[in-house]
Amino acid sequence: MVSRVIPVDAFDLVIFGGTGDLARRKILPGLFRRFAAGQMTDDARVIGASRSEHSDDEYRAIVRDALEEFVTKAELDPQQVDGFLNLVHFVTIDAMGTGGWKKLAKTVRKDVINAFYFSVAPSLFGALAERLHEHGIAHENTRIVVEKPFGRDLESARALNATLAEHFDETQIYRIDHYLGKETVQNLMAVRFANVLFEPLWNAQYVDHIQITVAETVGVGGRGTYYDKSGAMRDMVQNHLMQLLCLIAMEPPSRFSPDSVRDEKLKVIRALEPVPSHHIVRGQYEAKSGEPSYRDDVENPRSLSESFIAMRVHVSNWRWADTPFFIRTGKKLKARQSEIAVVFKDAPHAIFGQKAGTHRNILTIRLQPNEGINLGVTIKEPGPGGMRLVDVPLDMTFADALGPEAEEVRDAYERLIMDVIRGNQTLFMRGDEVEAAWAWTDPIIEGWEQRGEAPKPYEPGTSGPEDAQMLLMRDGRKWREIKE
Ligand code: NAP
């Protein structure tokens, strides 16, 4: 396959929070990979900004360390590392103060694309937006990138949107949900909308149900204090799982343009039905083999926040009438696995008889660990002995078909940052989408808070609380196994 890397135009990217965890783990390694691939040229500059005092060279040393820690050795060509570091600069700045802004105004070139990545606590977003204007740094072509969490409920998300809107137009605001930057997620759109095969079957008539699973093996770790204030619903469902659900459930957009895609996603969110309490199972991991429980991890012995949630969700429209979407996410589960499974209905008439068993076509879209798409097809088991049926995978993992280049699936952050520079908002959440998502989420959370409901304990290394199994078993369905 011929490489199709198209270099982006010259840009200055300022990373507020350039010394923080996200910058070190994702943003800087992602930029380096794009530089090494030739997509980001010598015309680009990356300007770290935070309160700490660093010269350009000191910051370059921080960036070098980050690359050595988070980029594989095979990718770390010393010449390319040096080339990348030449593009790196640093400005000491306090989002809440006055120091550093004049220097930043002088540093940022006005004649190239300007993007400002807000990789700091959301409480600083408003101050940053305001100061960028106050100091004449922002102009009509400036782009800002904001990280999750975007609010913790509808009211705070509205307030945040309003603050950003005071200084920036919606076309300048890039709200990141890194799940949308995953190769497979975009491939899901290609599979749905570039093939005639699936779309006619993509509805309540042929789909029995859909499962979305985002399972992690890790606990809340060092994020305990933050996590305990949000729980799995706010941390994962309101954004990542909701976005995946939208891409599965949405109508075909008229074109692959930012607003056409986002309009269709918004319609799905608005069509979500309220979720009754018996369609929700929340859980909290227990202690095991000397490892702390959730409550130990968050240092809150009475915490009622969930580290696991499973829900039965309905999209109330013609396409999906009565088709359940089962979604679940949790920490300290059996394996790290993110997967969407579209489970089709049984063939209408079983001509092969009882002995052949029941077989269903299942389209699985794996987001991690091994990105890929797989369709389970039922065929005759080879050999003598009559008609025995067996399910075989029709594997649409790209590497075999597209060659080694396709194996090098890009990290979501790389793609999304390049999209910011290209000015393409398709894979970013629009303000009204985020608000609609909170409008659906808020009453669900209020419901369990008002009832004072405690999450069910579950053993680490399992698939979550037993009750989550019952959510499907009640009507004869089963979760797919969580496995690597
Ligand atoms: P972090 O490690 O705590 O880093 C925060 C950064 O902000 C540091 O560089 C800090 O540097 C800078 N900072 C703090 N106060 C500042 C101020 N007043 N003015 C200027 N800079 C200031 O946080 P993080 O984990 O990188 O997270 C950053 C954002 O990304 C947060 O909104 C978080 O929710 C979001 N996020 C993070 C992850 C992740 O994996 N880490 C994932 C998704 C979303 P100084 O102390 O030198 O100022």
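Residues numbered from 1 in each chain as written. Predicted model: local features only at pLDDT ≥ 70, side-chain atom pairs only at ≥ 80, totals over all residues. Heavy atoms only, no water.

### Considerations on the domain arrangement of the protein chain
Move 1: Looking at the protein chain, the domain boundaries give domain 1 (11-147) and domain 2 (180-411 + 430-473).
Move 2: Between domain 1 and domain 2, the C-alpha centre-to-centre distance is 34 Å. (Domains from an automatic or database assignment.)

### Section: the pairing of strand S7 (residues 207-215)
Move 1: The buried count for S7 comes to 9 of 9 residues, which makes it a mostly enclosed element.
Move 2: With 6 bridges connecting them, S7 and strand S10 (residues 324-330) associate as parallel partners. If you follow valine 214 over to S10, its bridge partner there is threonine 329. (Buried < 20%, exposed > 50% of the residue type's maximum accessible area, 1.4 Å probe, protein only. Helix = DSSP H or I, 4+ residues; strand = E, 2+ residues; numbered from the N terminus. Pairing = 2+ DSSP bridges.)

### Section: the site of the ligand
Move 1: As a structural note, the neighbourhood of the ligand is formed by 21 residues, with Thr19, Asp21, Arg25, Ser52 and Val120 the closest of them.
Move 2: Within the backbone of alanine 95, an N or O atom sits 2.8 Å from a nitrogen atom of the ligand.
Move 3: Here an oxygen atom of the ligand sits 3.0 Å away from a polar atom, N or O, in the main chain of lysine 148.
Move 4: A total of 890 Å² of accessible area belongs to the ligand in isolation, and the protein chains cover 73% of it.
Move 5: The dominant element in the shell around the ligand, judged by the number of residues it contributes, is helix H1 (residues 21-36), at 3 residues.
Move 6: The residue inventory of the shell around the ligand, partitioned by class, reads 8 nonpolar, 7 polar and 6 charged. (Near = heavy atom within 4 Å. Polar contact = N/O pair within 3.5 Å; in protein donor to acceptor, adjacent residues only side chain to side chain. Areas by Shrake-Rupley, 256 points an atom, 1.4 Å probe, with all protein chains shown as cover. Nonpolar A, V, L, I, M, F, W, Y, C, P; charged D, E, K, R; others polar.)

### Considerations on the packing of aromatic side chains
Move 1: The final tally for this structure, using the stated rule, is 14 aromatic pairs.
Move 2: The interplanar angle of 55° and the centroid separation of 5.9 Å between the aromatic rings of phenylalanine 35 and phenylalanine 84 together place this pair among those described as tilted. Taken together, the residues span a long stretch of sequence, with phenylalanine 35 in helix H1 and phenylalanine 84 in helix H3 (residues 78-85) at a distance of 49 residues.
Move 3: Plain terms: the ring middles of tyrosine 285 and tyrosine 294 are 5.7 Å apart, the flat faces sit at 90° to each other, and that makes the pair edge-to-face. The pair formed by tyrosine 285 and tyrosine 294 is uniform in burial state, with each residue classed as buried.
Move 4: Cluster of aromatic residues (ring-pair linked, three or more members): Phe16, Trp101, Phe116, Phe118 and Phe125.
Move 5: Here arginine 175 stacks its cationic end above the ring of phenylalanine 150, 5.0 Å away from the centre of that ring.
Move 6: Lying over the aromatic face of tyrosine 179, lysine 182 brings its terminal NZ or CZ to 5.5 Å of the ring centre. (Phe/Tyr/Trp six-rings, centres within 6.5 Å; stacked < 30°, edge-to-face > 60°. Lys NZ or Arg CZ within 6 Å of the ring centre and 35° of its normal.)

### A word on the nonpolar core
Move 1: Membership of the largest hydrophobic core comes to 111 residues, with the highest contact counts inside it found for Leu31, Phe84, Tyr117, Leu245, Met311 and Trp440.
Move 2: At 13 residues, the largest contribution of residues to this core is made by helix H8 (residues 224-249).
Move 3: Each of two domains, domain 1 (11-147) and domain 2 (180-411 + 430-473), supplies a minimum of three residues to this core.
Move 4: When sequence neighbours within four positions are dropped, the list of residues in contact with methionine 311 reads Met233, Val237, Val275, His279, Ile280, Phe325, Phe326, Ile327, Trp440 and Leu471.
Move 5: Judged by nonpolar contacts, the second largest core, of 30 residues, contains Ala95, Leu104, Leu154 and Ile173. (Core = buried A, V, L, I, M, F, W, Y, C linked by side-chain atoms within 4.5 Å. Contact = heavy atoms within 4.5 Å.)

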